[in-house]
Amino acid sequence: QVQLVESGGGLVQPGGSLRLSCVASGFMVNNYAMAWYRQAPGKQRELVARVQRDGTTNYGDSVKGRFIISRNTMVNTVYLQMNSLKPEDTAVYYCNRFYSNLDWGQGTQVTVSS
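Residues numbered from 1 in each chain as written. Predicted model: local features only at pLDDT ≥ 70, side-chain atom pairs only at ≥ 80, totals over all residues. Heavy atoms only, no water.

Observations regarding the pattern of salt bridges
Put simply, the rule is: For this document, the term salt bridge refers to a Lys or Arg side-chain nitrogen within 4 Å of an Asp or Glu carboxyl oxygen.
Using the criterion set out here, one finds four salt bridges in the structure. Note that Lys64 is salt-bridged to Asp61, the shortest N-O span being 3.3 Å.

Quick look at the sheet that holds strand S1 (residues 3–7)
Short version of the rule: A strand pair is defined by DSSP finding two or more bridges across the two strands. What counts as a helix is a DSSP run of H or I of at least four residues, what counts as a strand is a run of E of at least two, and both are numbered from the N terminus. Axis lines are fitted to C-alpha atoms, over the contacting stretch for helices. Their N-to-C directions set the angle, which ranges from 0 to 180 degrees.
As summarised here, the arrangement of the four strands in space is S1-S3-S8-S7, forming an open sheet in which the pairing is antiparallel. This sheet does not close on itself; its edge strands, each paired only once, are S1 and strand S7 (67–72). In this sheet, adjacent strand axes meet at a mean angle of 15° when their direction is disregarded. With five bridges joining them, S1 and strand S3 (residues 18–25) adopt antiparallel strand pairing. Bridge assignment links Glu6 to a residue of S3, and that residue is Cys22.

Thoughts on the packing of aromatic side chains
The cut-off we apply is this: Aromatic contacts are taken between Phe, Tyr and Trp rings whose centres are within 6.5 Å, Trp giving its six-membered ring; a plane angle under 30 degrees counts as stacked, one over 60 as edge-to-face, and the others as tilted. Accessible area is worked out with a 1.4 Å probe on protein chains only. A residue is then buried under 20% of its type maximum, exposed over 50%, and partly exposed in between. As a reminder, the over-ring test applies to NZ of lysine and CZ of arginine, requiring each to be within 6 Å of the ring centre and within 35 degrees of the ring normal.
All told, the structure shown has four aromatic pairs when counted by the stated rule. Between Phe27 and Tyr32 the ring centres are 5.3 Å apart and the planes differ by 85°, which places this aromatic pair in the edge-to-face class. Accessibility expressed as a relative area gives 7% for Phe27, which makes it buried. With centroids separated by 5.9 Å and ring planes inclined at 80°, the aromatic side chains of Tyr94 and Trp104 adopt a geometry described as edge-to-face. Here Tyr94, found in strand S9 (residues 91–97), pairs with Trp104, found in the loop between S9 and strand S10 (108–112); they are ten residues apart in sequence, far enough to count as distant. With relative accessibility at 31%, the residue Trp104 sits in the partly exposed group. An aromatic cluster is built from Tyr37, Tyr94 and Trp104, whose rings are joined through pairwise contacts. The ring centre of Tyr94 lies 5.9 Å from the NZ or CZ of Arg45, which sits over that ring.

Okay, here's the thing in structure tokens:
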């Protein structure tokens, strides 16, 4: 079945780092543009990072220079390396296909707090 499972979230102090993983089933991540999104309480879901089929990456202005999206075809996983985390990064993080979204999964909670 076609499925995406996010993991790796947790509680981290400001300035810390976290690495999120998104394991795909039923399709190969290198055949689709993949993206990470986040949604904070009371806010709309926002795009934070994208990796296109050719490997080109794009980032939202708020995370540019701090986050890195990557993929590993061998294990069919998309990653989001988050560095220099700020309290405003607190949100539930989701991965999905960029152009042909699948049903949204449960996401993984990232909380940045001291």
